[in-house]
Amino acid sequence: MSSLLTIFISAVLVNNFLLYYFLGICSFIGVSSKMESSFGMGMATTFVMTMTAMITWPLYHYLISPETGLNLPFLEYVIFILVIAALVQFVEMFLKKFFHSLYKALGIYLPLITTNCAILGMALFIVIRDYNYLESIVFGFGAGLGFTMVIVIMAGIREEYAYSPVPAVFRGAPLALLTAGMLALSFMGFSGMIAP
Amino acid sequence: MEILQSILVLVGMGLISGILLAVAYGKLKVDEDPVIEKITEVLPGLNCGACGYASCGEYASAIFQKLTDIGLCRAGGDALNEKISEITGLASEAAEVFKAVIHCGVKERKILAEYDGPRDCLSASLTGAGLACRYGCFGYGDCVNACPFGALKVTSGVPELDFNLCIGCGLCVDACPRDLIEIKKVLKDKIVYVACSNIQSAKLTRTVCSVGCIGCKICEKRAVEGAFKVENFLARAEAVEEEIDIPAIKCPTACIHEMSNLDAGDSAL
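Source: prediction; values computed, not measured. (Residues numbered from 1 in each chain as written. Chains lettered and ligands numbered in written order. Predicted model: local features only at pLDDT ≥ 70, side-chain atom pairs only at ≥ 80, totals over all residues.)

A.B. asks: Is there a simple way to explain the overall build of chain A in this structure?
C.D. replies: The helix and strand inventory of chain A stands at eight helices and zero strands. Written out in order from the N terminus, the α and β elements of chain A read α-α-α-α-α-α-α-α. Partitioning the contacts of chain A with sequence separation of at least 6, the portion at a separation of at least 24 is 79%. (Helix = DSSP H or I, 4+ residues; strand = E, 2+ residues; numbered from the N terminus. Contact = placed C-beta atoms within 7 Å.)

Structure representation (structure tokens):
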């Protein structure tokens with residue numbers, strides 16, 4: 001039980017995907033200008049991450065693992081991307097039907113979740129760290145929540161920028177990158193929380 | 001053996017996810033009217049925003065929901081309106097034509113100091129770039145860069161406007177840091193405007209520019225009633241139906257300009 005909690009907190013705060021590994025920066029910068037759409041993006045990513053963890057774990061262990069499966073480890077990337085792509089398609093359909101405004105606000109970044117390296121990274125971490133099924137689900141969910149939290153914090157900060165006299169050269173992406181860097185620095189404060 | 005296994009695994013995975021997605025699509029399908037797509041196809045797709053909608057797609061769905069008139073696209077003009085009215089069956093009205101005019105007519109700038117800074121108007125406007133005229137055009141072409149239609153061209157004087165290419169979307173208006181550009185309605189295939197924005201008194205305007213409006217009010221007196229209005233030592237042309245004979249006004253600094261479809265360009269008379 002304690003190891004589950006450790007994995008969860010590690011994925012959310014200490015080894016945050018955005019600010020520790022710097023994975024998934026594309027959507028982090030792209031969709032973090034509005035709180036509402038960034039929360040939607042976070043939720044979509046969390047769903048895809050959790051489902052990916054749930055589906056890829058058995059696929060890896062019973063299909064492609066060298067020890068327990070058919071010994072096809074070179075298919076790892078292809079199969080993971082396939083699962084992620086199918087899930088993203090599903091999320092896209094779901095959002096288009098039930099949250100049309102969010103679907104429009106996310107625009108191209110929604111299908112781009114497919115190529116979001118945070119999700120593939122998470123699936124690969126599960127394999128590398130040899131998590132069991134429950135651990136990997138908790139890890140996927142925690143990673144998604146961490147992603148959501150950071151992207152919403154970022155959107156909150158960037159919304160405040162709209163009222164600030166930002167010099168023209170810093171407007172947009174430069175300020176977003178500076179902010180991301182400073183956020184990452186502050187998240188380094190968590191790094192001593194969990195003993196290695 | 002391995003190759004066969006991996007092919008089977010991939011094909012199986014693809015089939016399973018494909019079937020699952022097809023089932024999900026059946027449940028979650030959103031019906032979109034093909035008319036919207038048709039309208040979007042005939043729109044220019046430039047997303048210039050002159051119609052008041054963020055993109056051509058949004059404008060198309062607004063037309064479809066009958067939230068707006070169909071004559072708002074300035075890039076397409078009458079030909080486009082006919083196409084849209086064919087598709088939707090809505091009546092098309094004659095499109096109003098708008099063009100940008102630059103309220104400055106400088107040919108040779110009087111300079112107080114050399115300017116070494118970045119060659120763009122926005123940076124130049126921070127310091128004034130050493131120009132004697134505090135209201136005039138810098139000529140670095142921020143408006144030229146803003147124009148998605150290539151209607152503006154940098155010259156040694158004020159950027160030159162191609163009357164036929166300009167559709168009056170107004171993107172250059174936002175780009176000009178000195179607010180020299182205005183979108184004006186074309187009346188009888190031409191636009192009359194005063195190419196100056198200097199609101200200083202006659203003496204001060206004269207010292208910085210030879211073609212600036214000095215606010216002498218001659219145009220008010222000699223042209224048709226209401227065609228010009230002088231305020232703050234600066235004349236502005238108003239929209240009037242009557243013909244304005246510019247040479248007959250004899251503007252002392254020749255800052256009344258006319259643009260028309262015929263000569264496709266800016267001509268000082």
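A.B. asks: Teacher, can you tell me more about the overall build of chain B here?
C.D. replies: Tallying secondary structure elements over chain B gives ten helices and nine strands in all. In chain B, buried positions account for 32% of the 269 residues. Pairs at least 24 residues apart make up 55% of the contacts formed inside chain B by residues separated by at least 6 positions. (Buried ≥ 20, exposed ≤ 12 C-beta atoms within 10 Å, placed from the backbone.)

A.B. asks: Explain helix α4 (residues 77-88) of chain B here, please?
C.D. replies: An α-helix turns once per 3.6 residues; consequently, residues spaced three or four apart project the same way. All names here are of chain B. Taking 1.5 Å per residue as the helical rise, α4 with its twelve residues ought to reach 16 Å, and the 17 Å between its terminal C-alpha atoms agrees with that figure. The set of residues buried in α4 consists of Leu-80, Asn-81 and Ile-84. One side of α4 carries all its buried residues, which in axial view fall inside an arc of 105°. Counted as exposed and oriented over 90 degrees from the buried face of α4: Ala-79 and Glu-86. In the core, the buried residues of α4 are packed alongside α2 (34-42) and α3 (56-64). Directly beyond the C-terminal end of α4, a positive phi value near 80° is found at Gly-89. (Expected span 1.5 Å × (residues − 1). Arc of directions from axis to C-beta.)

A.B. asks: Mind showing me how you'd approach the packing of α2 of chain B against α3 of chain B here?
C.D. replies: Any two packed helices are characterised by the angle at which their axes cross and by the distance between the axes. All names here are of chain B. The interhelical angle for the contact between α2 and α3, taken along N-to-C directions, is 130°, at an axis separation of 9 Å. The angle between the axes of α2 and α3 places the two elements in the oblique class. The handedness of the crossing between α2 and α3 comes out as right-handed. Residues Val-35, Ile-36, Ile-39 and Thr-40 of α2 form the contact with α3, whose own contacting residues are Cys-56, Gly-57, Ala-60, Ser-61, Ile-63 and Phe-64. Residues that form the contact of α2 with α3 fall into these classes: seven nonpolar, three polar and no charged. (Axes fitted to C-alpha atoms, helices over the stretch in contact; angles between N-to-C directions. Parallel < 35°, antiparallel > 145°, perpendicular 65-115°, else oblique. Left-handed = near helix turned anticlockwise from the far one by under 90°. Nonpolar A, V, L, I, M, F, W, Y, C, P; charged D, E, K, R; others polar.)

A.B. asks: So what exactly am I meant to see when it comes to unusual backbone geometry here?
C.D. replies: Generally, phi is negative for residues other than glycine and the peptide bonds are trans, each holding for most cases. Phi at Phe-22 of chain A is positive, roughly 50°, even though this residue is not glycine. Mapped onto the secondary structure, Phe-22 of chain A falls in the loop between α1 (2-14) and α2 (25-30). Classification of Phe-22 of chain A as partly exposed rests on a count of 15 C-beta atoms within 10 Å. Even without being glycine, Lys-250 of chain B reaches a positive phi, approximately 55°.

A.B. asks: It is not clear to me how the nonpolar core should be interpreted in this structure. Could you clarify?
C.D. replies: Soluble globular proteins tend to bury their nonpolar side chains together. Residues Val-48, Ile-119 and Met-122 of chain A are the most contacted members of the largest nonpolar core, which totals 55 residues. In terms of residue count, the dominant contributor to this core is helix α7 (residues 133-161) of chain A (eleven residues). Look past the residues within four positions of Ile-119 of chain A in its chain and what remains in contact with it is Val-48, Met-49, Thr-52, Ile-84 and Ile-113 of chain A. Cys-137, Cys-213, Ala-223 and Ala-227 of chain B belong to the second largest nonpolar core, which has 54 residues in total. (Core = buried A, V, L, I, M, F, W, Y, C linked by C-beta atoms within 7 Å.)

A.B. asks: I would appreciate a short explanation of the confidence of the model for chain A in the present structure.
C.D. replies: Detail in the predicted coordinates should be disregarded across regions flagged by low pLDDT. With 98% of its residues at a pLDDT of 70 or more, chain A shows a mean pLDDT of 89. By mean pLDDT, helix α5 (residues 100-106) of chain A is the weakest element of chain A at 81, and α7 of chain A is the strongest at 93. (pLDDT = per-residue confidence, 0-100.)

A.B. asks: Any chance you could explain α3 of chain B here in plain terms?
C.D. replies: All names here are of chain B. What α3 keeps buried is the set Cys-56, Tyr-59, Ala-60, Ile-63 and Phe-64. All buried residues of α3 fall inside an arc of 140° around its axis, so they share one side. In this fold, the buried residues of α3 make contact with α2 and α4. The positive-phi residue at the C-terminal boundary of α3 is Lys-66, with phi of around 55°.

A.B. asks: How should I be thinking about the interface of chain B and chain A in this particular structure?
C.D. replies: Facing 14 residues of chain B, the contacting portion of chain A comprises 15 residues. Here the side of chain B that touches chain A gets twelve residues from one element, more than from any other, and that element is helix α1 (residues 2-28) of chain B. A class-by-class count of the residues in the side of chain B that touches chain A yields nine nonpolar, four polar and one charged.

A.B. asks: Would you take a moment to explain the environment of Phe-163 of chain B for this structure?
C.D. replies: Summarising the element assignment, Phe-163 of chain B is placed in the loop between β3 (160-161) and α7 (171-175). Along the chain, Phe-163 of chain B and Ala-100 of chain B lie 63 residues apart, while their C-alpha atoms are 8.6 Å from each other.

A.B. asks: Can you walk me through the environment of Leu-165 of chain B in this structure?
C.D. replies: All names here are of chain B. Looking at where Leu-165 falls in the secondary structure, it is placed in the loop between β3 and α7. The class of Leu-165 is partly exposed, set by 14 C-beta atoms lying within 10 Å. In sequence terms Leu-165 and Leu-152 are 13 residues apart; their C-alpha atoms lie 8.5 Å from each other.

A.B. asks: I would appreciate a short explanation of the environment of Cys-73 of chain B in the present structure.
C.D. replies: Topologically, Cys-73 of chain B is positioned in the loop between α3 and α4. Aside from chain neighbours lying at most four places away, what touches Cys-73 of chain B is Leu-43, Cys-51, Tyr-59 and Leu-80 of chain B.

A.B. asks: Even after reading the chapter, I still don't get the pairing of strand β7 (residues 234-237) of chain B, so can you show me in this structure?
C.D. replies: Residues in a regular strand project their side chains so that they alternate between the two faces of the sheet. Residues and elements named next belong to chain B. Sheet topology places strand β6 (residues 228-231) next to β7; four bridges connect them, and they run antiparallel. Among the inter-strand pairings, Glu-231 is bridged to a residue of β7, identified as Leu-234. Here β6 folds back onto β7, and the loop between the two strands holds two residues, one of which, Asn-232, carries a positive phi near 50°. (Pairing = 2+ DSSP bridges.)

A.B. asks: Explain the packing of helix α3 (residues 35-64) of chain A against helix α4 (residues 76-98) of chain A here, please?
C.D. replies: All names here are of chain A. Packing of α3 against α4 leaves a shortest axis separation of 9 Å and a crossing angle of 145°. Between α3 and α4 lies a crossing of right-handed hand. Contacts between α3 and α4 involve Ala-44, Phe-47, Val-48, Met-51, Thr-52, Ile-55, Thr-56, Leu-59, Tyr-60 and Ile-64 from the first element and Glu-76, Ile-79, Phe-80, Val-83, Ile-84, Leu-87, Val-88, Val-91 and Leu-95 from the second.

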